[in-house]
Amino acid sequence: QVQLVESGGGLVQAGESLRLSCAASGSSTSLYAMGWFRQAPGKQRELVAIITGGSSSRYADSVKGRFTVSRDFAKNTVSLQMNSLETEDTAVYYCSAGTLFRAIGTSAGYWGQGIQVTVSS
């Protein structure tokens, strides 16, 4: 009932910036939370940033001060502005969304296909 499509990934050098976007379609009016997770090879998928329908946000400690998550309700999108990128940020980034009954970041929630972000030194 909800589809998520990420865009904006790519390869950048350390210290540069990149902006990811995620567009929701389908029954997107039911979404309470939207956000981003990432998974590096051999690592567990981890929270990057989420933002709720009340515009409250939460960030992983590793990205605080560098990344900013924002949501545009009119466009049904969530974005992630990534500044001062580090090689450790290299991962596949996944957009996720949830409702009050289907938790974001879980198998019950909604996920995009993932998009590669590679940061070189």
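Quick note: structure is the one above.
Description of the structure in this document. Sequence order as written defines residue numbering, which begins from 1 separately in each chain. Local features in a predicted model are, by the rule used here, given only for residues with pLDDT of at least 70; side-chain atom pairs are given and counted only at 80 or more, and totals for whole chains, interfaces and linings are based on all residues. The side-chain figures draw on all heavy atoms in the structure; neither hydrogens nor water molecules are used.

### Digging into the environment of V48
What counts, and what does not: Numbering of helices and strands starts at the N terminus; helices are DSSP runs of H or I of at least 4 residues and strands are runs of E of at least 2. Here, two residues are considered to be in contact whenever any of their heavy atoms come within 4.5 Å of each other.
Tracing the backbone shows V48 in strand β5 (residues 46–52). The spatial distance from the C-alpha of V48 to the C-alpha of D61 is 8.6 Å, given a sequence separation of 13 residues. When neighbours within four sequence positions are excluded, V48 is seen to be in contact with W36, F37, R38, R58, Y59, A60, V63, F67, L80 and Y93.

### Quick look at the sheet that holds strand β1 (residues 2–7)
By way of backbone hydrogen bonds, the strands of a sheet pair with one another, either parallel or antiparallel. Quick reminder of the rule: Any two strands are treated as partners once DSSP identifies two or more bridges connecting them. For helices, the axis comes from a line fit to the C-alpha atoms of the stretch in contact; other axes are also lines fit to C-alpha atoms, and the angle between any two N-to-C directions lies between 0 and 180 degrees.
One open sheet accounts for four strands, arranged β1-β3-β8-β7; its pairing is antiparallel. The open sheet terminates on both sides in strands that have one partner only, identified here as β1 and β7 (67–72). If you compare each strand with its neighbour and ignore which way they point, the axes differ by 15° on average.

### Things to note about the state of the cysteines
As used in these notes, a disulfide is a covalent bond between sulfur atoms, one from each of two cysteines. Rules: Cysteine sulfur atoms are paired as a disulfide whenever they fall within 2.5 Å. Under the scheme applied here, a residue whose accessible area is under 20% of the maximum for its type counts as buried, over 50% as exposed, and between as partly exposed, the area being computed with a 1.4 Å probe on protein chains only.
Within this structure, the stated rule accounts for one disulfide. Each sulfur of the disulfide joining C22 and C95 lies 2.0 Å from the other. As the torsion about the S-S bond is roughly -80°, the C22-C95 disulfide counts as left-handed. On the criterion of sequence distance, the pair formed by C22 in strand β3 (residues 18–26) and C95 in strand β9 (residues 91–98) is long-range, its members being 73 residues apart. Taking relative accessible area as the criterion, C22 reaches 1% and is therefore assigned buried.

### With respect to unusual backbone geometry
Positive phi, close to 55°, is recorded for N76, a residue that is not glycine. Inspection of the secondary structure puts N76 in the loop between β7 and β8 (77–82). For N76, a relative accessible area of 28% corresponds to the partly exposed category. The residue S84 is not glycine, and still its phi comes out positive at about 50°. By the secondary structure assignment, S84 is in the loop between β8 and β9. Residue S84 is classed as partly exposed on the basis of its relative accessible area of 42%.

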